[in-house]
Protein chains: 4
Amino acid sequence: MKNTIRTDIALEIAQNLSKEELKGVDVIEENYEDNNIIITTVNIKDKQGEEKTGKPKGTYITIESSYMKENEIAKHEEIIKILSSKITTLMDIKKDSVILVVGLGNWNVTPDALGPKVISKVLVTRHISADIPEDIDESVRSVAAFSPGVMGITGMETGEIIQGIVEKIKPDYVIAIDALAAGKTSRINTTIQISDTGVCPGSGVGNNRMELSKKTLGVPVIAMGVPTVVDAATLVNDTLDLILETLINTATKSTALYQLLANMTDDDKYELIYRILTPDSGNLFVTPKEVDSIIDRLTNIIANAINISLHPGISKSDINKYI
Amino acid sequence: MKNTIRTDIALEIAQNLSKEELKGVDVIEENYEDNNIIITTVNIKDKQGEEKTGKPKGTYITIESSYMKENEIAKHEEIIKILSSKITTLMDIKKDSVILVVGLGNWNVTPDALGPKVISKVLVTRHISADIPEDIDESVRSVAAFSPGVMGITGMETGEIIQGIVEKIKPDYVIAIDALAAGKTSRINTTIQISDTGVCPGSGVGNNRMELSKKTLGVPVIAMGVPTVVDAATLVNDTLDLILETLINTATKSTALYQLLANMTDDDKYELIYRILTPDSGNLFVTPKEVDSIIDRLTNIIANAINISLHPGISKSDINKYI
Amino acid sequence: MKNTIRTDIALEIAQNLSKEELKGVDVIEENYEDNNIIITTVNIKDKQGEEKTGKPKGTYITIESSYMKENEIAKHEEIIKILSSKITTLMDIKKDSVILVVGLGNWNVTPDALGPKVISKVLVTRHISADIPEDIDESVRSVAAFSPGVMGITGMETGEIIQGIVEKIKPDYVIAIDALAAGKTSRINTTIQISDTGVCPGSGVGNNRMELSKKTLGVPVIAMGVPTVVDAATLVNDTLDLILETLINTATKSTALYQLLANMTDDDKYELIYRILTPDSGNLFVTPKEVDSIIDRLTNIIANAINISLHPGISKSDINKYI
Amino acid sequence: MKNTIRTDIALEIAQNLSKEELKGVDVIEENYEDNNIIITTVNIKDKQGEEKTGKPKGTYITIESSYMKENEIAKHEEIIKILSSKITTLMDIKKDSVILVVGLGNWNVTPDALGPKVISKVLVTRHISADIPEDIDESVRSVAAFSPGVMGITGMETGEIIQGIVEKIKPDYVIAIDALAAGKTSRINTTIQISDTGVCPGSGVGNNRMELSKKTLGVPVIAMGVPTVVDAATLVNDTLDLILETLINTATKSTALYQLLANMTDDDKYELIYRILTPDSGNLFVTPKEVDSIIDRLTNIIANAINISLHPGISKSDINKYI
């Protein structure tokens, strides 16, 4: 099988398509904070859109901001507000909806622990919903939360575990959080994607597994994710592109190697690099030094946005009164 | 509801029964290492035994040794050997049996984290069983492992989660590991109980929940547990007993208070203490200073015993070859 | 050596003294939040006060509130404000003062990890003080922070390590944070004591060690601490007192045992219990179930109060600009 | 300042020198396990050797084996034996020597946590050396151990802290463990270097700081380290070299770009890549997916080797008897 640049970010795919190819795909952009927060909604509308992008029909919203990875609490508040409003637009939450939040990924591997970490900050209420008085009842949804782990730890497909639980508690929605793969180094920890089309667990740092979607689980699946690493080949590929861009302005432009590299498709170039890097570095990934703090920041942003959209106007200490 | 001394240890209950009351219950004791490792098998044989003990019919094996909590690696090897042989006697494992190991308890609370910690050391193989060659096939069982968390974290009953997964992967056995409650301070971290009757999660440090047993899960449930804490009232009760024993040899024996306390039943005394301790200390538990290291030792003993009984003659590095 | 009730809380000692014995000791009480936050300043003024209390001359301020251990963020803000103002009254911080914050205790034992956890949240600035611009310079003190560990981990006396560092960086003040011992179960995690007299590391859960004070370090030592555990004997002792109080209203009052127990001094009673509990339970301590969350709350309160008193008007993100 | 390939591995430097340049440097190689464990001793003998290598005079022993990062316990035993014998050759330990083991690096950043993790497994004895009976006395050295943290956490230079402690406890040797920088991606977690020349803390993932050596501390410093990451530029550089090697056999060999790249010095190429990668990726590092497990394996190897060389024939449970 050929190794190609792996990306879960619909926007990245759309950006690589020509106007002609983008038939069947709508792309709408909004800006906040002097272009420091960019929201792009990619709408894959039909069969043609699916074919061109290789992604299922649906809405993919990307929030891009380098503030996410910085220690910028005020900007995080802004991003939380935007993210929670976008979650709300993708869901049709009723007063008595039951929502299961699932944190995908391996809690032992820092950049893959985003999902499980979010779960530890999600406000769960399903076990106390009978005890919540009518006056705040309107603002509290029945929420359960869960981290299934990864196959190497449990011996089970993540999808099997989630199917088992979904069949038991019959939620109206599943929200799945995962670390994603991106095709650009600059995306690491600066992009949140949210979509209404489901997710394939482990696409960020592992292998693709059973899809989590309405098709496999029987209920709509909202997927939220952040690219937290890129693989070593993506980094080299990005750098090579930058080298080529640099060289473009020099006399070497006409040389055979330049021609060779410049004329290779992205996927061919990635395949070349991937093959060169294997086996010694095939298992390497690229991550920022302060990955521990950054994952904590992203965890706060995503967990707070989920809590606000599912329980508007309710804080943890409000809930504590009924436990 | 009256508060009574809570214990999950069948042996403790049996020890408090008279010979007459022990009809319907067999108790067999074995000794190792100069009485430093004591194995007792309590067999609750019929309805009468169930009524007298308040525990379901079945076999309860207790391994008692203060070595467990000490840094005594050679003695641990001995205990692992004994424990794994006892696991084997309670199960009827076939070549192609599928076993689901479940680690009950809250990973955020050190003395309740025994179950989840054992899971992280259990050798899981279910996801690779297709890849294991015939020559070692005989010695490798298909094992999955899983920690469901507690209701306050997930919003779901532990039993619901496990039912969901059991229905999906259809194991032949469930092995459930949990922290237990004991009625004697001296039992903390010195007793492993293993039984073929199932378990009520959270009985060690939380409230009783849905039973995990053949009745609720449809497959036999082997329960393994260690009392890792006692509640504050149990400690006071134990001490009061010791004070009374001391006083028994003194002139105060004839006083009214002595008579009062000496004539109270254990449960009445516990109830008195419990009511006096509440609310200020009702939520307190008693644990040794070095609880972190002790839980790690117990984790090693239990996980190794499970691995040896399920995969006889196979080490982790043998398995790694097929991953 | 006789075992007596160990307490580091000057207020507890003062409360057990008669008016006559309290010559040489001033006690002033303030109340906030309808008596839910009580601040008591114990001033040990002279030799006589030292003898009666067994504590060195100086000021001991106790903040008592059960809010500390609850998830009550608004009340925590209140406590932080009070605590930081009290820190300020005990110190004479100059614009160019250098402060070394020291977190005592064992990071591997949850209730003893308070000191090290606070250190991880203290805003350190000593390494960037040269880079801070004049306009915010006024509000930023030069702060270093450090957790020396415990003797069983390092093989060194905590005091030796701190002496070595103090001689090297020559701070104007040392602030030492530690878990303390208390003589009442109800004090666990509900009292912060701050004093200008130094501290003996490890008095909370270990043995007494070399004193940290102006005498041993050459610079004033502000000590801050919270009782996070009591030993098993203290719990039993407290309960026995409550039992006696209950019995006082009954006919048993005249019995010999009642007379015996009621007429024992506190220390004799503790000694009796301690001897009865040893060796089986001598190493046990009593702690609330949710100790992990409570230690996190106390960490936030203390670290924020320190940051506010040392860097008034400055937040972490202000500081980040100069790193 | 020009950015050049940073390496702490003397062997890497020696391998890049010509025979002529290697005057003043001895290189001796030993092989074990069919070339799967390679030990190379680089001896920088004089001023000339120092100038050519840029490293201080002394002995640098490198143990190279990809077994280190694998789950190969039997091979680890072999490596521990070799490493402990090499530690012994670099030190002149007397019966009554005092040794201070220092774990450099940031415990919050997984690949930089090697030093602090080793410290947690070193057998410390200095606090009990008075209590050790004569019969095992011969085999037990007085060992203290300590992790100073990093400047961003403490506000202090690591060197200042260690100087302070060394002046206090006056050890005969300091052993410093750190994560190192390497110039080849393939070296990540496959090489242990040990030398008698000291170390600059933080050279692996941070900036160079005050040297720890006989010159700055007054006692000999044995440095042990493992390259646990490479920076992103090193990865790209390595890959580009591999691409060039691939292209060398093709027609493009004659092109201008090939000529350009092939004729650049390694340092110039690294500088080019580094500049292209900055600022977006300047802060990125490259690490294997399973870095958490690998650091644990390296920790075990190094801590065990230290324990065996300092306390020959003594186990932790032997020592526990005297605590």
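Everything below is about the structure printed above this text.
Residues numbered from 1 in each chain as written. Chains lettered and ligands numbered in written order. Predicted model: local features only at pLDDT ≥ 70, side-chain atom pairs only at ≥ 80, totals over all residues. Heavy atoms only, no water.

**Student:** So what about the overall build of chain A? Which residues, and what values?
**Tutor:** When you go through chain A residue by residue, the secondary structure sums to 13 helices and nine strands. Sorting the 323 residues of chain A into buried and exposed places 57% on the buried side. Considering only contacts in chain A between residues 6 or more positions apart, those separated by 24 or more positions represent 75%. For chain A, the exposed surface amounts to about 13200 Å²; the carbon and sulfur share of it is 48%. (Helix = DSSP H or I, 4+ residues; strand = E, 2+ residues; numbered from the N terminus. Buried < 20%, exposed > 50% of the residue type's maximum accessible area, 1.4 Å probe, protein only. Contact = heavy atoms within 4.5 Å. Areas by Shrake-Rupley, 256 points an atom, 1.4 Å probe, with all protein chains shown as cover.)

**Student:** Can you tell me about the packing of helix H3 (residues 73-90) of chain B against helix H12 (residues 291-310) of chain B, naming the residues and giving the values?
**Tutor:** Residues and elements named next belong to chain B. Contact geometry of H3 with H12 gives a least axis separation of 8 Å together with a crossing angle of 45°. Between H3 and H12, the crossing angle belongs to the class labelled oblique. Here H3 runs over H12; the crossing is right-handed. Contact residues: H3 offers His76, Ile79, Ile80, Leu83, Ser84, Ile87 and Thr88, while H12 offers Arg297, Asn300, Ile301, Ile302, Asn304, Ala305, Ile306, Ile308 and Ser309. Each residue belonging to the contact of H3 with H12 can be placed in one class, and the counts come to nine nonpolar, six polar and one charged. (Axes fitted to C-alpha atoms, helices over the stretch in contact; angles between N-to-C directions. Parallel < 35°, antiparallel > 145°, perpendicular 65-115°, else oblique. Left-handed = near helix turned anticlockwise from the far one by under 90°. Nonpolar A, V, L, I, M, F, W, Y, C, P; charged D, E, K, R; others polar.)

**Student:** Describe the pairing of strand E7 (residues 191-195) of chain D, and please don't skip the residues or the numbers.
**Tutor:** Look at any regular strand and the pattern is simple: side chains alternate between the two faces of the sheet. Counted residue by residue, E7 of chain D has five buried out of five residues, so it is predominantly covered. Of the two faces of E7 of chain D, the one carrying Thr191, Gln193 and Ser195 of chain D and the one carrying Ile192 and Ile194 of chain D are both buried.

**Student:** Describe in detail the pattern of salt bridges, supporting the description with residues and values.
**Tutor:** Applying the stated rule across the entire model yields 40 salt bridges over all chains. Close ionic contact of aspartate 296 of chain C with lysine 117 of chain C constitutes a salt bridge, the shortest N to O distance being 2.8 Å. Of this pair, aspartate 296 of chain C sits in helix H12 (residues 291-310) while lysine 117 of chain C sits in helix H4 (residues 114-119); the two residues are 179 residues apart in sequence, bridging distant segments of the chain. Given a relative accessible area of 33%, lysine 117 of chain C falls into the partly exposed group. The salt bridge partner of glutamate 167 of chain D is lysine 168 of chain C, with a shortest N-O separation of 2.9 Å. Placement of glutamate 167 of chain D in helix H7 (residues 158-169) and of lysine 168 of chain C in helix H7 (residues 158-169) is noted, with the two residues assigned to different chains. (Salt bridge = Lys/Arg side-chain N within 4 Å of Asp/Glu carboxyl O.)

**Student:** I'd love a proper account of the environment of tyrosine 60 of chain A, names of residues and values included.
**Tutor:** With respect to the element layout, tyrosine 60 of chain A can be found in strand E3 (residues 58-64). Considered as a pair, tyrosine 60 of chain A and valine 42 of chain A are 18 residues apart in the sequence and their alpha carbons are 5.1 Å apart.

**Student:** Report on unusual backbone geometry, specifying residues and quantitative values.
**Tutor:** The residue glutamate 33 of chain A is not glycine, and still its phi comes out positive at about 55°. Within the fold, glutamate 33 of chain A resides in the loop between strand E1 (25-32) and strand E2 (37-44). Note on glutamate 33 of chain A: relative accessible area 29%, which makes it partly exposed. At aspartate 34 of chain B, a position not held by glycine, the phi torsion is positive, near 55°. With respect to the helices, strands and loops of the structure, aspartate 34 of chain B is situated in the loop between strand E1 (25-32) and strand E2 (37-44).

**Student:** Let's hear about the pairing of strand E2 (residues 37-44) of chain D: which residues, and what values?
**Tutor:** Residues and elements named next belong to chain D. Within E2, six of the eight residues are buried, leaving the element largely enclosed by the surrounding structure. Bridge analysis of strand E1 (residues 25-32) against E2 gives eight bridges, and the strand direction is antiparallel. Looking at E2, one finds that glutamate 29 is bridged to threonine 40. Between E1 and E2, which pair antiparallel and follow one another directly, the connecting turn spans four residues, one of which, glutamate 33, has a positive phi of 50°. Where E2 meets strand E3 (residues 58-64), seven bridges bridge the pair, whose relative direction is antiparallel. The residue bridging threonine 40 from the neighbouring strand is threonine 62, located in E3. (Pairing = 2+ DSSP bridges.)

**Student:** Account for the environment of asparagine 43 of chain D, with residues named and values stated.
**Tutor:** Residues and elements named next belong to chain D. The topology assignment puts asparagine 43 in strand E2. Look at asparagine 43 and you get partly exposed, because its relative accessible area is 25%. Filtering out sequence-adjacent residues up to four positions away, asparagine 43 remains in contact with Gly24, Val25, Asp26, Gly58 and Thr59.

**Student:** Describe the environment of lysine 214 of chain A, listing the residues and the values that go with them.
**Tutor:** All names here are of chain A. Positionally, lysine 214 belongs in helix H8 (residues 214-217). Along the primary structure lysine 214 and aspartate 196 are separated by 18 residues, whereas in three dimensions their C-alpha atoms are 9.5 Å apart. When near neighbours in sequence (up to four residues on either side) are disregarded, lysine 214 contacts Val219, Pro220 and Val221.

**Student:** Please give an account of the side chain of asparagine 106 of chain C that cites residues and values.
**Tutor:** Residues and elements named next belong to chain C. Within the secondary structure, asparagine 106 is located in the loop between strand E4 (98-103) and H4. Looking at asparagine 106, its side chain comes within polar contact range of the main-chain nitrogen of asparagine 108, at 2.9 Å. Not counting chain neighbours up to four residues away, the residues in contact with asparagine 106 comprise Asp112, Ala113, Val150 and Ile153. (Polar contact = N/O pair within 3.5 Å; in protein donor to acceptor, adjacent residues only side chain to side chain.)

**Student:** Tell me about the packing of aromatic side chains, and name the residues and values.
**Tutor:** Here the structure, examined in full by the defined rule, presents two aromatic pairs over all chains. With 5.8 Å between their ring centres and 35° between their planes, phenylalanine 146 of chain A and phenylalanine 146 of chain B make a pair best called tilted. Taken together, the positions of phenylalanine 146 of chain A in strand E5 (residues 142-146) and phenylalanine 146 of chain B in strand E5 (residues 142-146) put the pair across two chains. Of the two residues examined, phenylalanine 146 of chain A and phenylalanine 146 of chain B, each falls in the buried class. (Phe/Tyr/Trp six-rings, centres within 6.5 Å; stacked < 30°, edge-to-face > 60°.)

**Student:** Just give me the short version of the side chain of glutamate 64 of chain B, but keep the residues and values in it.
**Tutor:** All names here are of chain B. With respect to the helices, strands and loops of the structure, glutamate 64 is situated in strand E3 (residues 58-64). A polar contact of 2.8 Å, which involves the side chain of glutamate 64, links it to the side chain of arginine 187. Sequence-distant contacts of glutamate 64, that is, excluding residues within four places in its chain, are made with Leu11, Asn36, Ile37, Ile38, Thr40, Arg187, Thr190 and Thr191.

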